[in-house]
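Spelled out from the first residue to the last, the chains are:
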Amino acid sequence: MIDQSMAAAEPGKRDGTRILLFGMDCAFTEPIAELLLTAPGVRTAAIVLASTAPRAPASACSWRGQLATNEQVTIIELSERRELLSRAFVSTLATFESDLIVVACFPWRLPAPVLALPKIASINIHPSLLPDGRGPEPIFWAFRRDLDSTGVTLHVTDEGLDTGPIIAQRRVAIPSDATMPTLERSIARIGADMLSEFLNAPSPSCSVSAWPQPVGIGHSAPFPDADDLRVTTSWKATKAARFINGVTPVYEFIEVVVLATGQRLAVAEVLGIEKRTSRTAPVLLKGDHAWIEFSDGVLHCRVRSMRQQLTFGP
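Fair warning: this is a prediction, and the values are worked out from it, not measured in the lab. (Residues numbered from 1 in each chain as written. Predicted model: local features only at pLDDT ≥ 70, side-chain atom pairs only at ≥ 80, totals over all residues. Heavy atoms only, no water.)

**Here we look at the layout of surface pockets**
Estimated volume of the largest pocket: approximately 670 Å³. Around the largest pocket, the lining is made up of 31 residues, and of these Cys-105, Phe-106, Pro-107, Gly-135 and Pro-136 lie nearest the centre. Looking at the lining of the largest pocket, the elements that each hand over two or more residues are β6 (121-126) and α5 (138-144). Of the residues assigned to the lining of the largest pocket, the class counts are 17 nonpolar, 8 polar and 6 charged. (1 Å grid on protein atoms, 1.4 Å probe; cavity = no way out; pocket = protein on both sides within 12 Å on 5 of 7 lines; lining within 4 Å. Points joined across faces, edges and corners; volume = space filled by probe spheres on them. Helix = DSSP H or I, 4+ residues; strand = E, 2+ residues; numbered from the N terminus. Nonpolar A, V, L, I, M, F, W, Y, C, P; charged D, E, K, R; others polar.)

Below, the structure written as structure tokens:
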């Protein structure tokens, strides 16, 4: 077990815990922000937002409305990671005299001067069962790897990439009709519940207990490249359909390579799965609809575009 000092907290209580939240205007940060703005015994002193492309429009994040009547919360927006290293920024954060830093969908690693600020610890809510899924896109990779379940990890934040000691974990089943946005929201709500349990748990030893992550196991979860957003007709139809419909709400389309002809189709949605037929052509196109033959079935798809590809280069 690894104990993080909580000398500033009164034994058995977390009343008045002063928190800095790092996140984005997105579906994952939203329930954590809502919790921290309303939880008894918690004061959210500042919210640091990365102003990168959001997963959900800012107007969809209801916690923004709560700030209209809460003048005690300071909003700090950053446009790039190097601002985290600014002496002025670190000095500003130091004035809040935080007990905890909570990270929820913040895209950049926190540098040592920021991690050193809270009296108790810095903790991250990560949408996978660490050490599996370290990186910025574990939800995408849950679909790419065709997983039946994933999870949420509450862990101490260090200078590594999702490498800090684990405080708590919870496994989450992935519904067959899940998409990246629906799964992200579900995981975020569970993460908020786990954070609430952490904040309300008695702490007679005045410590945060955590255990080291196992070494040398798990898959990384980087941002996908072009190959990761591509499938071939050698895939099983059900696997391809689940992946395409799971990720296209975020990535717009998946390129399907028809191995028999070299065609490449930009598939935006799978409308249905049919049994293999006796049709001779591996692809049938009608307007923006396509019937594509996979290894064990035919996908009825909505396509954005089609181009003939004679070679299989990137």
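Having put the structure on the table, let's press on.
**Points about helix α3 (residues 87-94)**
When α3 is considered as a whole, its buried residues turn out to be Phe-89, Val-90 and Leu-93. The buried side chains of α3 occupy one side of the element, clustering within an arc of 95 degrees when seen end-on. Residues Arg-87 and Ala-88 are exposed on α3 and point more than 90 degrees away from its buried face. Where α3 is buried, its residues meet β2 (17-23), β3 (42-50), β4 (74-78) and α4 (112-115). The distance from a side-chain oxygen at the start of α3 to the backbone nitrogen of Ala-88 is 3.2 Å, and the residue carrying that oxygen is Ser-86. (Buried < 20%, exposed > 50% of the residue type's maximum accessible area, 1.4 Å probe, protein only. Arc of directions from axis to C-beta. Contact = heavy atoms within 4.5 Å. Polar contact = N/O pair within 3.5 Å; in protein donor to acceptor, adjacent residues only side chain to side chain.)

**A short note on the pairing of β2**
Of all 7 residues that make up β2, 6 are buried, and the element is covered over most of its length. With 7 bridges joining them, β2 and β3 adopt parallel strand pairing. Opposite Ile-19, over in β3, you have Thr-44 as the bridge partner. One crossover worth recording links β2 to the parallel β3 by way of helix α1 (residues 29-38), and it is right-handed. (Pairing = 2+ DSSP bridges. Right-handed = clockwise from strand over helix to strand, strands pointing away.)

**Regarding the sheet that holds strand β5 (residues 100-104)**
Strand order in the open sheet formed by 7 strands is β4-β3-β2-β5-β6-β7-β8, and the pairing between neighbours is mixed. For this open sheet the edge positions go to β4 and β8 (166-173), each flanked by a neighbour on one side alone. Going from strand to strand, the sheet's axes swing by 15 degrees on average, the running direction of each strand aside. The sheet contact formed by β6 and strand β7 (residues 149-156) spans 4 bridges and is antiparallel. Bridge pairing links Ile-123 to Val-156 in β7. Here α1 sits on the sheet in contact with β2, β3, β5 and β6, set at roughly 160 degrees to β2. In the packing of α3 onto the sheet, contacts are made with β2, β3 and β4, and the angle to β4 comes to roughly 160 degrees. (Axes fitted to C-alpha atoms, helices over the stretch in contact; angles between N-to-C directions.)

**A short note on the side chain of Arg-264**
Its location among the elements puts Arg-264 in strand β12 (residues 263-274). Polar contacts involving the side chain of Arg-264 include one to the side chain of Glu-255, which spans 3.4 Å.

**What about the packing of aromatic side chains?**
Tallied over the entire structure, the rule returns 6 aromatic pairs. Consider the rings of Phe-140 and Phe-243, whose centres lie 5.8 Å apart with planes at 70 degrees: the pair is edge-to-face. Placement of the pair is Phe-140 in helix α5 and Phe-243 in helix α7 (residues 237-251), with a sequence separation of 103 residues. The exposure class of Phe-243 is buried, given its relative accessible area of 1%. Ring plane angle 45 degrees and centroid distance 5.7 Å describe the contact between Trp-235 and Phe-243, whose orientation is recorded as tilted. (Phe/Tyr/Trp six-rings, centres within 6.5 Å; stacked < 30°, edge-to-face > 60°.)

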